[in-house]
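# Residue-level structure breakdown
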Amino acid sequence: MTKPDKESFSFEFKLDVVRRFLAGETKVELAKEFVLSSPKLIERWARKYRDEGEDGLRPKRRDRPPRPVGAARLHPLVQP
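In short, a report on the structure.

Cut-offs and rules
Residues numbered from 1 in each chain as written. Predicted model: local features only at pLDDT ≥ 70, side-chain atom pairs only at ≥ 80, totals over all residues. Heavy atoms only, no water. Helix = DSSP H or I, 4+ residues; strand = E, 2+ residues; numbered from the N terminus. Expected span 1.5 Å × (residues − 1). Buried < 20%, exposed > 50% of the residue type's maximum accessible area, 1.4 Å probe, protein only. Arc of directions from axis to C-beta. Contact = heavy atoms within 4.5 Å. Polar contact = N/O pair within 3.5 Å; in protein donor to acceptor, adjacent residues only side chain to side chain.

### A short note on helix α1 (residues 11-22)
With 12 residues, α1 should cover 16 Å at 1.5 Å per step; its first-to-last C-alpha distance of 16 Å lies within 8% of that length. Within α1 the residues assigned to the buried category are F11, K14, L15, V17, V18 and F21. One face of α1 carries all of its buried residues, which in axial projection span an arc of 165°. Considering only its buried residues, α1 is in contact with α2 (27-33) and α3 (39-52). Positive phi appears at G24, one or two residues downstream of α1, with a value of about 125°.

### Some words on α3
Look at α3: 20 Å from first C-alpha to last across 14 residues, which is about the 20 Å you get at 1.5 Å a residue. Turning to α3, its buried residues are L41, I42, W45 and A46. Angularly, the buried residues of α3 cover 135° about the axis, an arc narrow enough to put them on a single face. Facing away from the buried surface of α3 by more than 90 degrees, the exposed residues are K40, R50 and D51. If you follow the buried residues of α3, they end up packed against α1 and α2. Its side-chain oxygen 3.0 Å from the backbone nitrogen of K40, S38 forms the N-cap of α3. Following α3 by one or two positions, G53 adopts a phi angle in the positive range, close to 75°.

### Some thoughts on the environment of Y49
In this fold, Y49 is placed in helix α3. Once the C-alpha coordinates of Y49 and K14 are considered, the two residues, 35 residues apart in sequence, prove to be 9.6 Å apart. The contact partners of Y49, leaving out residues within four places of it in the chain, are L15, V18, R19, L22, E54 and L57.

Here it is, written out as structure tokens:
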């Protein structure tokens, strides 16, 4: 049996939900309206929005950060 993938939501969707939540709609009502798995999700988005602004709701890269330009490639077993 496999675990279902986490659903991802667009920046615009999260921003709309958070703005409605901050305008006074309850997280329970919004979670039901948008068929979200939990009202806690809206709480998390709102906290990120308060702490980081709109950028907190934008998707983040999940892989390694890019290497700085000109960074030397060093192999651990090869001595210069």
